[in-house]
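# Architecture and fold: a report
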Amino acid sequence: MDTRFPFIDFKLPQAIDRLPELAYNVWFSWNHEALELFARVDRERWDQILHNPVRLLLETDSSVWASLSQDTEFTELYTSVMKQWDEYQSQTTWFQKTYPQHTEAYIAYLSAEFGFHESLPLYSGGLGILAGDHCKSASDLGIPLVGVGLLYKKGYFNQKFNREGQQQTETVRYDFSKLPILPVQNENGERLTIQVPLADRTVLLQLWKIQVGRNAVYLLDADLEANSEWDRELTAQLYGGNQDTRIAQEILLGIGGVKTIRALGLPTAVYHINEGHAAFQALERIREQLESGVPFHVAVEIIRASSIFTTHTPVPAGHDAFGLPMVEHYLQSLFRRWNEHKQAWLQLGNTAGSAQFNMTHLALNTAALRNGVSQLHGQVSRDMFRSFHGNIDAREVPISHITNGVHLRTWLAPELQELFDRFLPGTWLKHQANLDQWQGIQIIPAESLWGVHMELKEKLIRFARANLREHRRRNDMPADKVEEVRSYLNPQALTIGFARRFATYKRANLIFSDLNRLHRLVNDEQRPVQFIFAGKAHPADLPGQEMIKQVYQVSQMDRFRGKIVLLENYDMNMARHLVQGVDVWLNNPRRPYEASGTSGQKAAMNGVINFSVLDGWWEEGYDGSNGWSIHGTNDADWQRQEQENTESIYRLLEQEIVPLYYNQGKLPQQWVARMKRSIQTLAPVFNTERMVMDYTNRTYIPALTRTLKFLANQHDAATKVADFKQFIRSNWHHVRILEIKDGTGQPAAGTAVKIASIPTDAANMLKDVTATIRFGPVWYKDTAVEIIYYEERKDGWHPVVVPMEPYRELEDRVVLYRARIPSHLQHQAHYSIRVRPVSANFATPFELPLLTSL
Ligand SMILES: *Cc1c(COP(=O)(O)O)cnc(C)c1O
């Protein structure tokens, strides 16, 4: 089963006949010479077709190829690109060196969106870009990763504004034969399809493939004649339609995703899902286990061991949930076949007392390793899912974090990459996460960095003017209004960028709270400030669209004309121009709604300085000297936070940012120093090379080894842990802490002892504490008994856990435990004792979130 290549005969001259190989691998999107090669074919056309190399190949006349094949400058560039491509594919990778024993099995990466390049409209925002960047770095690192997603006939949507600034959604039906994707064919040259049961029927899906460097991402397409009209539209649009479309799409993605991997015959060890969208993968894999005779509870353990779940949404309302009847309807064939497990199936996504099937709950129940996407988001997720985990201490909820990053070669301006090449060690792109490599940023002459930055800013301004012009031309504005944009935006002025999805929590209009104060900043003769806005609002998000309108209307006011602008149709191409060309990247979400945010990371590596609320990744990234933090009191009410944030934005602009930028005339030395700090401290950390290595070391490999262990000897370990959990769940209520005694004069107390070499005040004395615990049928060695108390440190209160040792069996299944703790701690006032189940087969200490405490 393979994609025949090339499936179109492009009839290129031999000297350049490997161009299709490049065009059909989005590696071109992170190789500047490859992009330049395509651009040289016809620069204007290249921009018009949104840098789509397949269209370029299809639509360029053979006479042009003939003459290019004679053009030595072109053929030399071609040869150099092909050489890099061959080297890229053949070099030994990080993964091969680090995990040579694990190169045979794939990691499946399932996502509803993928953002690789502007020519492939399969993304709506951050989640998709992250998935794209993840796959690119996985290829760079040599990780055997296979992606699965849906192929949307209409992509997301193209955004236009009318004269009032009302967003209009333009839908395009893409011709797949003109995108950098290939149909997957079987040995007989037939298109490969899979079937997914959906409600009372099956949906036929055709497989397509995007080549991403060394790896592939497969896409499912339901637009086939064999399907009903409604089913054909299931893969029409990203996040389009109603709840029915949504659940159907998620079934195609999750269940279809697994079937795709089976149809391709790829040995796959681990499944990584992003958001709950693909969580149905677990049901399909449990079903497979059942078909091969594995009991339900064991099947769940096998699938849990091999699933990784990344959550991206810090608000409960952002998590998909469907009514139970809807789930029963769409999954009816599964429930019919395995009717005896129907309640168990439903329980995987349903919590008692609710009538909803929650995709995030399904994901949490079926993935042993879970993570948020920044340190803060990890915390927020642990709080949010605490009650889901039996109300254990939030800190112990088994959800960790791996902070997002961005793919450096995709987002770093080629001009800067060239500059860095001159000053950083030759290996800097090979070891991006190595902090030392980035020290060389210091020795870049300020004029050079500033010079490149100014070039990029001018490029952005040309791009912005063209965008504004097109908007006015299309809206039939008078010729002078169209021409006027030629003078919009001043390359010398301090330029602030704000571009992201127009979700209301991102508060694009915050800066407009005091228009007079804004006016003074923008229209300062000596030290002007200008703003460039961009972003799409989901077609169903009316408040988001209202926000766009507001930005648009401010941009039309006389006093802000040409100084505050709103660009149409934010996409990856525009994002690149913005994050490379502005001076400051503004981000003022309502904390903690921004799980991570990644556009600021793109900006940072380009020497664009972040000016942001300490939310998402910026809480970790900001160090006091590499950008600015917008102040706000975290636990104050929204209104107060909003006031504080706004005041802080104006104050920082007036007192720090503007003065720093306009200090020292033509070459703002101190500004450049801050740009350097930004690059040096942030680029090595917030890139996907570091991120994907983290995923590999902390989740992929541990999940893979645990799964292998679970499956060995007729899944002996999986059976043990499944039986163990079942037994513990039904007997845990027998576990009781009968009595606690500590050194306060009561019978079983030990005597306080001094610790040598520590001053002799009460706090440094230790005392014995004992606990008498009745276990009932639970074996005491299957539990951990612990004392827990809290200790105040600089950053707040932290739990201290002291293990208790079994000391004496008092009577049958009643055991006395003991430990030593500081003698000033009083039971209940300061500490408590808890018992929890443990097993060497657990992936995390609280895999079974049961707890008895006193
Ligand atoms: C990077 C990017 C995003 C995500 O940016 P956030 O800061 O996470 O909002 C969204 N859309 C596009 C086109 C991007 O390039």
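Rules and cut-offs
- Residues numbered from 1 in each chain as written.
- Predicted model: local features only at pLDDT ≥ 70, side-chain atom pairs only at ≥ 80, totals over all residues.
- Heavy atoms only, no water.
- Helix = DSSP H or I, 4+ residues; strand = E, 2+ residues; numbered from the N terminus.
- Rg over C-alpha atoms; globule rule 2.2 N^0.38 Å.
- Buried < 20%, exposed > 50% of the residue type's maximum accessible area, 1.4 Å probe, protein only.
- Axes fitted to C-alpha atoms, helices over the stretch in contact; angles between N-to-C directions.
- Parallel < 35°, antiparallel > 145°, perpendicular 65-115°, else oblique.
- Left-handed = near helix turned anticlockwise from the far one by under 90°.
- Contact = heavy atoms within 4.5 Å.
- Nonpolar A, V, L, I, M, F, W, Y, C, P; charged D, E, K, R; others polar.
- UniProt positions renumbered as here; feature names shortened; annotations may be inferred.
- Pairing = 2+ DSSP bridges.
- Near = heavy atom within 4 Å.
- Polar contact = N/O pair within 3.5 Å; in protein donor to acceptor, adjacent residues only side chain to side chain.
- Domains from an automatic or database assignment.
- Lys, Arg positive; Asp, Glu negative; His and termini not counted.
- Salt bridge = Lys/Arg side-chain N within 4 Å of Asp/Glu carboxyl O.
- Core = buried A, V, L, I, M, F, W, Y, C linked by side-chain atoms within 4.5 Å.
- Right-handed = clockwise from strand over helix to strand, strands pointing away.
- Phe/Tyr/Trp six-rings, centres within 6.5 Å; stacked < 30°, edge-to-face > 60°.
- Lys NZ or Arg CZ within 6 Å of the ring centre and 35° of its normal.

Okay, the overall build of the chain next. Helix and strand counts for the chain come out as 29 helices and 29 strands. Here the C-alpha radius of gyration of the chain, 29 Å, is about what a compact globule of 854 residues would show, namely 29 Å. Counting only C-alpha atoms and orienting by the principal axes, one finds that the chain spans roughly 95 × 70 × 50 Å. Scored against the burial criterion, the 854 residues of the chain give a buried share of 59%.

The next point concerns the packing of helix H22 (residues 515-522) against helix H27 (residues 638-661). Contact geometry of H22 with H27 gives a least axis separation of 11 Å together with a crossing angle of 15°. Here H22 is positioned roughly parallel relative to H27, judged by the angle of their axes. The chirality of how H22 crosses H27 is left-handed. In contact with Arg517, Leu518 and Leu521 of H22, H27 contributes Glu647, Tyr650, Arg651, Leu653, Glu654 and Val658. A class-by-class count of the residues in the contact of H22 with H27 yields five nonpolar, no polar and four charged.

Moving on to the UniProt feature "domain: DUF3417" (unreviewed entry) in the chain. Within the UniProt annotation, "domain: DUF3417" (unreviewed entry) is assigned to residues 12-120. End C-alpha atoms of residues 12-120 are separated by 24 Å, and the span's content is 54% helix alongside 5% strand.

Strands sit in the order E25-E24-E28-E29 across an open sheet of four strands; the sheet is antiparallel. Of all the strands in the sheet, the pair left with one neighbour each is strand E25 (796-803) and strand E29 (852-853). Bridge count for strand E24 (residues 783-793) against strand E28 (residues 831-837) is seven bridges, and the pairing is antiparallel. Its bridge partner being in E28, Glu786 is matched across the sheet by Arg834.

The next subject is the environment of Val814. Assignment of secondary structure puts Val814 in strand E27 (residues 814-822). Its relative accessible area of 2% is what places Val814 among the buried residues. Remark: the alpha-carbon pair of Val814 and Pro414, spanning 400 residues in sequence, is separated by 70 Å.

Taken together, 14 residues form the shell around the ligand, and within it Lys506, Ala575, Thr598, Ser599 and Lys602 come nearest. Take Lys506: an N or O atom from its side chain is 2.8 Å from an oxygen atom of the ligand. At 2.4 Å from an oxygen atom of the ligand is found a side-chain nitrogen or oxygen belonging to Ser599. When contributions to the shell around the ligand are tallied by element, the ones reaching two or more residues are helix H8 (126-141), helix H24 (572-581) and helix H25 (599-605). A domain split of the shell around the ligand shows at least three residues from each of domain 2 (102-283 + 307-320 + 369-401) and domain 3 (447-684).

What follows is about the pairing of strand E1 (residues 106-110). Summarising burial for E1: four of the five residues are buried, a large majority. The sheet contact formed by E1 and strand E9 (residues 268-274) spans five bridges and is parallel. Considered in E9, the bridge of Tyr109 is made with His272. Here E1 runs beside strand E2 (residues 145-150); their pairing, made up of four bridges, is parallel. Within E2, the position partnered with Tyr109 by the bridge is Gly147.

Let us look at the domain arrangement of the chain. If you check the domain split of the chain, you get domain 1 (14-90), domain 2 (102-283 + 307-320 + 369-401), domain 3 (447-684) and domain 4 (735-853). The C-alpha-based centres of domain 1 and domain 3 are spaced at 34 Å.

What follows concerns the packing of helix H19 (residues 414-423) against helix H20 (residues 446-474). Running from amino to carboxyl end, H19 crosses H20 at an angle of 170°, the nearest separation of the two axes being 10 Å. On the basis of the axis angle, H19 is roughly antiparallel to H20. Touching Glu415, Leu416 and Leu419 of H19 are Ser448, Leu449, Val452, Glu455, Leu456 and Lys459, all from H20. Tallied by class, residues from the contact of H19 with H20 come to five nonpolar, one polar and three charged.

Locating Asp133 in the fold gives a position in helix H8. Buried charge Asp133 goes without a salt bridge, the closest partner of opposite sign being Lys136 at 4.3 Å. Within the local environment of Asp133, its side chain forms a polar contact with the backbone nitrogen of His407, the two atoms lying 3.0 Å apart. When residues no more than four places from it in sequence are discounted, the contact partners of Asp133 are Gly115, Val406, His407, Thr410, Trp411 and Thr688.

What follows covers the UniProt feature "modified residue: N6-(pyridoxal phosphate)lysine" (unreviewed entry) in the chain. With numbering matched to this structure, UniProt assigns "modified residue: N6-(pyridoxal phosphate)lysine" (unreviewed entry) to Lys602. Mapping Lys602 onto the fold places it in helix H25. Residue classification places Lys602 among the buried positions, given a relative accessible area of 3%.

The next point concerns the sheet that holds strand E20 (residues 627-630). Strands sit in the order E17-E16-E15-E18-E19-E20 across an open sheet of six strands; the sheet is parallel. Each end of this open sheet is capped by a strand with a single partner; those strands are strand E17 (564-567) and E20. Pairs of neighbouring strands in the sheet enclose a mean axial angle of 20°, with direction left out of account. Pairing of strand E15 (residues 494-499) with strand E16 (residues 529-534) involves six bridges; the strand directions are parallel. What sits directly across from Ile496, in E16, is Phe531. Contacts from H22 reach E16 and E17, with the element oriented near 115° to E16. Contacts from helix H23 (residues 542-556) reach E16 and E17 within the one sheet, and its direction differs from that of E17 by about 135°.

This next bit is on the pattern of salt bridges. A side chain of one charge can pair with a side chain of the opposite charge when the charged atoms of the two come close. Under the criterion given, the structure shown has 60 salt bridges. A salt bridge links Glu87 to Lys83; the nearest nitrogen and oxygen atoms lie 3.7 Å apart. Of the two residues, Glu87 and Lys83 are both situated in helix H6 (residues 72-90); the distance of four residues between them amounts to about one turn of the helix. You can call Lys83 exposed: its relative accessible area is 54%. Across the pair Lys725 and Glu847 runs a salt bridge, and its minimum N-O distance is 2.8 Å.

Residue Pro592 is bonded to the preceding Arg591 through a cis peptide linkage, with omega at 0°. We note that His715 has phi near 45°; this positive angle belongs to a residue other than glycine. Mapped onto the secondary structure, His715 falls in helix H29 (residues 688-731).

With 180 residues, the main nonpolar core has Leu19, Leu22, Ile210, Phe280, Trp345, Ile787 and Ile833 as its most contacted residues. The element that contributes the greatest number of residues to this core is H29, accounting for 15 residues. Beyond its immediate sequence surroundings of up to four residues, Ile787 is in contact with Val769, Val800, Val801, Val802, Met804, Ala819, Ile821, Tyr831, Ser832 and Ile833. Residues Ile461, Val529, Leu578 and Tyr661 belong to the second largest nonpolar core, which totals 92 residues.

Here we take up the pairing of E16. Successive residues of a regular strand alternate their side chains across the two faces of the sheet. Within E16, six of the six residues are buried, leaving the element largely enclosed by the surrounding structure. Residues Val529, Phe531 and Phe533 line one face of E16 and the alternating positions Gln530, Ile532 and Ala534 line the opposite face, and both faces are buried. Between E15 and its parallel partner E16, the chain crosses via H22, and the hand of that crossover is right-handed. Alignment of E16 against E17, held across four bridges, turns out to be parallel. For Phe533, the partnering residue across the bridge sits in E17 and is Leu566. For the handedness criterion, the β-α-β arrangement of E16, H23 and E17 is classed as right-handed.

What follows deals with the packing of aromatic side chains. Per the stated rule, a full pass over the model turns up 36 aromatic pairs. Each ring, one from Phe775 and one from Tyr817, has its centre 6.1 Å from the other, and the planes form 50°; the classification is tilted. One end of the pair, Phe775, is in the loop between strand E23 (765-774) and E24; the other, Tyr817, is in strand E27, and 42 residues separate them in sequence. Neither Phe775 nor Tyr817 differs from the other in exposure class; each is buried. Aromatic rings pair up to connect Trp450, Trp628, Tyr661, Tyr662 and Trp671 into one cluster. One residue, Lys602, lies across the ring of Trp411, its end atom 4.0 Å from the ring centre. The residue whose ring lies beneath Arg836 is Phe846, and the NZ or CZ to ring-centre distance is 5.1 Å.

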